[in-house]
Amino acid sequence: MGYYTDYTITVDNNTQELESEMKKFGFLDNYDEGLWGGDAKWYDWSDDMIKLSKKFPEVLFTIEGRGEDSTDIWGYYYKDGKSYIQTEVTIYDYPGAPESKPPECYLEKIKETIRKYSFE
């Protein structure tokens, strides 16, 4: 079965060589200049991002993921083979979203998720 995650990858310095490399992932089919997105079971994403950032050391990669579970929201930065936790994650939608901000119960789950990943 597996677990699907919706991935979004952005870069601060896009090149044709980088675009060609990103196409090798196959599932990143939503593309806009310097931004790729797709839904996949990509279990080696961190290892792949480290390799990719080593191949393009001048590029800052941002990867954000949103899993099947509504509290599985995370983000990392990669540059020159190193990873950094993203401490703030933008939330675009969630069940029953009002116009302004998530209900307090969602905020607490999101904070727990961020704390969980902040110590890796």
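This text goes with the structure placed above it.
Treat the numbers as computed from the prediction; the structure is a model and nothing was measured.

Moving on: the side chain of serine 53. Among the structural elements, serine 53 can be located in helix α2 (residues 45-55). For serine 53, a relative accessible area of 0% translates into the label buried. Here the side chain of serine 53 touches glycine 81 through a polar contact of 2.8 Å, landing on its backbone nitrogen. Those residues within four positions of serine 53 in sequence are excluded, and the remaining contacts are Phe61, Tyr78, Lys79, Asp80, Gly81 and Lys82.

So, on to the nonpolar core. Counting 20 residues, the largest nonpolar core has Ile9, Leu18, Trp42, Phe61 and Ile63 as the members making the most contacts within it. The set of elements that each furnish at least two residues to this core consists of β1 (5-11), α1 (16-23), β3 (35-40), α2, β4 (61-67) and β5 (73-79). If near-sequence neighbours (up to four positions away) are discounted, phenylalanine 61 is found in contact with Ile9, Thr10, Val11, Leu18, Met49, Leu52, Ser53, Phe56, Tyr76, Tyr77 and Tyr78.

The relative placement of two aromatic rings is captured by the distance of their centres and the angle of their planes. Under the criterion given, the structure shown has seven aromatic pairs. Their ring planes at 70 degrees and their centres at 5.0 Å tell us that tyrosine 7 and tryptophan 42 sit as a pair that is edge-to-face. With tyrosine 7 in strand β1 and tryptophan 42 in the loop between β3 and α2, this residue pair connects regions lying 35 residues apart in the sequence. For the pair formed by tyrosine 7 and tryptophan 42, the shared burial category is buried. Look at tryptophan 45 and tyrosine 76: their rings are 5.5 Å apart centre to centre, the planes differ by 50 degrees, and that puts the pair in the tilted class. Pair noted here: tryptophan 45 is in helix α2 and tyrosine 76 is in strand β5, with a separation of 31 residues, a long-range link. Overall, tyrosine 76 belongs to the buried group, its relative accessible area being 6%. Clustering of aromatic rings is evident, with ring pairs tying together Tyr7, Phe25, Trp42, Trp45, Trp74, Tyr76 and Tyr78.

On to the sheet that holds β3. As summarised here, the arrangement of the six strands in space is β2-β3-β1-β4-β5-β6, forming an open sheet in which the pairing is antiparallel. Both outer strands of the open sheet, β2 (30-32) and β6 (82-85), are each paired with one neighbouring strand and no more. For this sheet, the mean angle separating the axes of adjacent strands, direction not counted, is 20 degrees. Judged from the three bridges that link them, β2 and β3 form a sheet pairing that is antiparallel. Across the sheet, asparagine 30 pairs through a bridge with glycine 37, a residue of β3. Running at roughly 25 degrees to β5, α2 makes contact with β1, β4, β5 and β6 of the sheet.

On to the pattern of salt bridges. The tally for this structure, following the rule as stated, stands at two salt bridges. With a closest N to O distance of 3.2 Å, glutamate 21 and lysine 24 form a salt bridge. When its relative accessible area of 17% is taken as the criterion, glutamate 21 is described as buried. You can call lysine 24 exposed: its relative accessible area is 62%. We note a salt bridge from glutamate 21 to lysine 55, for which the minimum N-O separation is 3.0 Å. With glutamate 21 in helix α1 and lysine 55 in helix α2, this residue pair connects regions lying 34 residues apart in the sequence. Judged by its relative accessible area of 47%, lysine 55 is partly exposed. One network of salt bridges, with partners in common, ties together Glu21, Lys24 and Lys55.

Thresholds, definitions, all that
- Residues numbered from 1 in each chain as written.
- Predicted model: local features only at pLDDT ≥ 70, side-chain atom pairs only at ≥ 80, totals over all residues.
- Heavy atoms only, no water.
- Helix = DSSP H or I, 4+ residues; strand = E, 2+ residues; numbered from the N terminus.
- Buried < 20%, exposed > 50% of the residue type's maximum accessible area, 1.4 Å probe, protein only.
- Polar contact = N/O pair within 3.5 Å; in protein donor to acceptor, adjacent residues only side chain to side chain.
- Contact = heavy atoms within 4.5 Å.
- Core = buried A, V, L, I, M, F, W, Y, C linked by side-chain atoms within 4.5 Å.
- Phe/Tyr/Trp six-rings, centres within 6.5 Å; stacked < 30°, edge-to-face > 60°.
- Pairing = 2+ DSSP bridges.
- Axes fitted to C-alpha atoms, helices over the stretch in contact; angles between N-to-C directions.
- Salt bridge = Lys/Arg side-chain N within 4 Å of Asp/Glu carboxyl O.

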